[in-house]
Every structure is written in structure tokens, then in C-alpha cells.
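The chain contents come next:
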Amino acid sequence: YLRFLESKERTVRQAAFSALHRTYHRYRNTLAAALNAGVKSNIFYARARRYPSALVAALDDDNIKEEVYSNLIRGVHEALPAFQQYFQQKQALLDLAEIHPYDLYVSPVADFELRIGYPEAKTVVQSGLQLLGGEYTALLQKAFTEGWIDVYENKGKTSGAYAWGCYDSHPYILLNYQGTANDLFTLAHELGHALHSYLSNQAQPYVNAQYPIFLAEIASTVNEVLLNLHLIETAQSRGEKLYYLHHFLEHFRGTVFRQTMFAEFERLIHAQVEQGEALTAEWLETEYLKLAQAYHGPAVVLDPELKAEWSRIPHFYYNFYVYKYATGFCAAVAFVQRFRTEGRKAVEAYLELLRSGGADYPLDLLAKAGVDLTTPEPINAAMEMF
């Protein structure tokens, strides 16, 4: 589906969008009943354990304060004018009379497309991550030369990309490398996970080595942000620079704005059931479309089919999970900005965070490293960069 949405042929994008969402729409009552049951289950367990809400219950495992969730939504809302301006710019670059949801994924750059072999990708990643210092780049070299990475597609190999391993081994990275821009960034991303695990395993006893999901995406995203900024700054042409700028802005759109919209919808559906109301298909469609309109603004023409999108997001069954993507990205951006303004001191504080694993609650570890997500500053800093 996403490959169709990235097609340069608009009729292909539109047909894929309509076919997918109309199919989900046909099962809207069944899917609404399933989501209603999932939300009721979350609320039942929260009340049984004396929590004031399902949101507070879900955040408690990592000792996350409710204002972290609220700060994220508030900070993103304040940046919505810039988000909506981005769509206007994209519409102009694509030379469209109207921009629709199925136009949002296609690249507006006609004269540049990155193709990069794996040997060159390793060199580019090492150059992009130089700011993290000698210890980190030495570990990158170790990963490249000591068999940590299974690079190419193979018969029977699972799809996607992963970093995994056990406490007393080096991490293993699985890729399906094909030489695209996404493959280059995926290499940097998975190395972020792998080196986080390696540093944590080296520094922590077994019981504290595993870090929570709340922290997991920060190390991988720091690598992607550093690489993206390096590519923007070293681009050889206007088209190439625009290509990397678009990639970076799309990363913001998909990981911060879209996931925060999902997080806000999740809070909305739980509040509806906590007030004794049911989640009907009609209510879900109306509220989802209303929220999508608030985020996308007047620049994007929202097709009626979009009202079915709530029914195809599996994360709504994961009980307040998606906000971690957005906070992780914003924290990563805040770290990168600190590297650039404070230099080695900020880098050392960040590397100490990676070595800390799960030795303390994530908010406390982040604050110690210089990024306090209980305040609006990291979200505001990320929105400023956008």
C-alpha cells in the first residue's frame, strides 16, 4: 500500500487509497465493536487497580507523568500552522490544484533519487555520526567488520529490519538492504539500537541491562537525525538538498505529528467510554475526521474515505503506546541540538544515558542526560527545528 502511495502516478495513489479504506469501511461495525471492547478492557483493569483513568494506569509502568502526554499534544498543536504550511509547500512543488491524503507520501523532487551501495552506505553513516565521538565510531567499525550485520535479502529471511541479541553476545542486525534512501537510514537506525544494547550490556548487570520501549527509539532516532542533517549540509545540488529536507520533514510528519494525532484520538476514545458512552462506528468516523481536519488544516482536502482510517490502526489496541514514538523523536532532536551547541559535554551525557540501560526510570535517566520531558522544552525544541 505504501509503495502505491509513493507512486508518481496520481491515479495509482488515489485508487490504492480508495480501495483500502472502502474495504475497511465495509467492516466498520465489527471493527468498532472490537475497539470498544479493547478500550473497555483497559478501563476495567485501570479501575480494578484503583487508577483514576486508563491513561494514568498505562503510564504508571514506566513511572511517566501525565503531563508528558499532555505536553506532547499541546506542543504539537502549537506547531500545527507550520505543519499545515508544509502541505502548502508540498502542493506547490507537486504542482497540484488540490492536495489530498493520498498525495502526502510522494516525493516532490523530480531531479534526484538516491541509490547507494552498501560499502558506500557504511562510509556515509560513519561520516554522519562523527559528532558522537571516537568511542562510538570505533564501535560502528566493530559492527561493520566483526559480523554483526546480515545485510542482504535471502531465501527464507524475514522482511524488515531488526537489531537483536542476548546479554553475553554482541548485537545482531538483520537488514534487507536494496540501496535506497530508506535502506541507508535504516542502517543508521538499527545501529543506534545495536550500540545502545552493546553499551548497556557492557555497563550494567543483567537485571538492569534491558531498557524500556520509552527509551528504545531515542538512540536509533538520534542516529537518523544526525545522518539526515549531515546529508542536508553536504548536498551537492539543490535537488539533492531538497530530497534530504523532504525526507527529514516526512520523518517529523510520520513520527511526531501523525503519532501525536493517534495519541490524541486514543485519549479521546478512552474518555468517551470512561463517561459511560459506547464507541459506535458513526461516532468514531465523525471524531476521527474532525481530528484529522484540525491537524491537516484547510490546505489538505480530506476525502470521505479517510473517516475509515481509525479502523486500520493496530496501535489503538496497544493501550497508550504510540505517544512513545513522538516523545522519542522529540527527545532525539533535543539531544542533537545539545550536541551542536554544547559539544563534548552533551555527547558524554548522552552516551552515559545509553550505558544506563534500565537502571532507573526513563524520565529520570533522560533528565540526568539533559532532556527533561516533564517540561515543554524538548517538544518545543523539536517543533522549532521542524
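Structure: above.
The residue numbers shown here count from 1 along each chain, following its written sequence. Only residues with pLDDT of 70 or above have their local features reported here, since the model is predicted, and side-chain atom pairs are shown and tallied only from 80 upward, although totals for entire chains, interfaces and linings are computed over all residues. Heavy atoms from the whole structure form the basis of all side-chain values; hydrogens and water molecules are not counted.

### Regarding the packing of aromatic side chains
Note the threshold: By convention, a stacked pair of Phe, Tyr or Trp rings (six-membered ring in the case of Trp) has centres within 6.5 Å and planes under 30 degrees apart, an edge-to-face pair has planes over 60 apart, and any other such pair is tilted. Where helices and strands are cited, they refer to DSSP runs of H or I of at least four residues and of E of at least two residues respectively, numbered from the N terminus. The buried label applies to any residue whose accessible area, calculated with a 1.4 Å probe on protein chains only, is under 20% of its type's maximum; exposed applies above 50%, and partly exposed to all values in between. Only Lys NZ and Arg CZ are tested; either one counts as a charge over a ring when it is within 6 Å of the ring centre and within 35 degrees of the ring normal.
If you walk through the whole model with that rule in mind, you get 30 aromatic pairs. On the basis of an interplanar angle of 65° and a centroid distance of 5.3 Å, the ring pair of Phe252 and Phe386 is categorised as edge-to-face. Here Phe252, found in helix H12 (residues 238-274), pairs with Phe386, found in the segment after helix H17 (377-385); they are 134 residues apart in sequence, far enough to count as distant. For Phe386, a relative accessible area of 16% corresponds to the buried category. Within the aromatic cluster, the residues linked to one another by ring pairs are Phe83, Tyr86, Phe87, Phe248, Phe252, Phe257, Phe329 and Phe386. Above the plane of the ring of Tyr105 lies Arg253, whose end atom (NZ or CZ) is 4.3 Å from the centre.

### Let's talk about the nonpolar core
Selection criterion: Throughout this description, the term nonpolar core refers to a set of buried Ala, Val, Leu, Ile, Met, Phe, Trp, Tyr and Cys residues connected via side-chain atoms within 4.5 Å. In what follows, a contact means two residues having at least one pair of non-hydrogen atoms within 4.5 Å.
Judged by nonpolar contacts, the single largest core of 124 residues is most densely connected at Ile149, Leu191, Phe252, Phe335, Phe339, Tyr350 and Met383. Ranked by the residues each element gives to this core, the list is headed by H12, at 12 residues. Residue contacts for Phe335: discarding those within four places in its chain leaves Ile218, Val222, Tyr350, Leu353, Leu366, Ala369 and Val371.

### Notes on the layout of surface pockets
Empty space among the atoms can be located by rolling a probe the size of a water molecule over them. The line we're drawing: With a 1 Å grid spanning the protein atoms alone, the term cavity applies to any set of points in which a 1.4 Å probe fits but cannot get out, the term pocket to an open set with protein on both sides within 12 Å along at least five of seven lines, and the term lining residue to any residue with an atom within 4 Å of a point. Grid points are joined across faces, edges and corners, and a volume is the space filled by probe spheres set on the points. Residue polarity is assigned by list, with Asp, Glu, Lys and Arg as charged and Ala, Val, Leu, Ile, Met, Phe, Trp, Tyr, Cys and Pro as nonpolar; anything else, Gly included, falls into the polar class.
Reported here for the second largest pocket is a volume of approximately 150 Å³. Every residue along the wall of the second largest pocket is listed here: Asn42, Tyr45, Ala46, Arg49, Tyr51, Ala54, Ala57, Ala58 and Asn319. Elements that contribute at least two residues to the lining of the second largest pocket include exactly helix H3 (28-48) and helix H4 (54-60). In terms of residue class, the lining of the second largest pocket is built from six nonpolar, two polar and one charged.

### A short note on empty space enclosed by the protein
Inspection of every chain in the model, using the stated rule, returns three cavities of 30 Å³ or more. Looking at the largest cavity, its volume works out to about 130 Å³. Lining of the largest cavity is provided by 15 residues; of these, Pro101, Tyr105, Arg258, Leu306 and Glu309 occupy positions nearest its centre. Every element with two or more residues in the lining of the largest cavity is listed here: helix H2 (10-26) and H12. Computed from the structure, the second largest cavity encloses a volume of approximately 70 Å³. Every residue along the wall of the second largest cavity is listed here: Phe83, Phe87, Arg253, Phe257, Arg258, Met261, Tyr295 and His296.

### Re the packing of helix H7 (residues 118-128) against helix H8 (residues 134-145)
Rules: Axis lines are fitted through C-alpha atoms, for helices just across the contact stretch, and the angle between N-to-C directions can take any value from 0 to 180 degrees. For classification purposes, angles smaller than 35 degrees are called roughly parallel, those larger than 145 roughly antiparallel, those between 65 and 115 roughly perpendicular, and all remaining angles oblique. It is the rotation of the near helix from the far one that decides the hand of a crossing: anticlockwise by less than a right angle makes it left-handed, clockwise makes it right-handed.
In contact at an axis separation of 10 Å, H7 and H8 are set at 165° when each is read in the N-to-C sense. Classified by the angle between their axes, H7 and H8 sit roughly antiparallel to one another. With respect to the hand of their crossing, H7 and H8 are arranged in right-handed fashion. Along its contact with H7, which presents Tyr118, Lys122 and Gln126, the element H8 presents Thr137, Leu140, Gln141 and Phe144.

### Brief notes about the environment of Glu305
Selection criterion: Counting of polar contacts relies on pairs of N or O atoms within 3.5 Å, with two restrictions inside protein: one atom must be capable of donating a hydrogen and the other of accepting it, and residues adjacent in sequence are counted only when both atoms are side-chain atoms.
Turning to its location among the elements, Glu305 is positioned in the loop between helix H13 (281-296) and helix H14 (323-342). Its relative accessible area of 15% is what places Glu305 among the buried residues. Taking the C-alpha atoms as reference, Glu305 lies 6.3 Å from Arg22; in sequence the two are 283 residues apart. Sequence-distant contacts of Glu305, that is, excluding residues within four places in its chain, are made with Phe17, Ser18, His21 and Arg22. Here Ser18 takes part through its side chain, which lies 3.4 Å from a polar atom of the side chain of Glu305.

### Here we look at the pattern of salt bridges
Once the charged atoms of two side chains with opposite charge are near each other, the side chains can pair. Stated formally: We define a salt bridge as a side-chain nitrogen of Lys or Arg found within 4 Å of a carboxyl oxygen belonging to Asp or Glu.
Using the criterion set out here, one finds 18 salt bridges in the structure. For the salt bridge of Arg28 with Glu282, the shortest nitrogen-to-oxygen distance reads 3.4 Å. Remark: Glu282 occurs in helix H13 and Arg28 occurs in helix H3; sequence separation between them is 254 residues. Ionic pairing is found between Arg258 and Glu309, a salt bridge with its closest N-O pair at 2.8 Å. Placement of Arg258 in helix H12 and of Glu309 in the loop between H13 and H14 is noted, with a sequence separation of 51 residues between them. The class for Arg258 is buried, based on a relative accessible area of 17%. Given the relative accessible area of 6%, Glu309 is considered buried. Three or more residues joined by partner-sharing salt bridges are found here, namely Arg10, Arg13 and Asp103.

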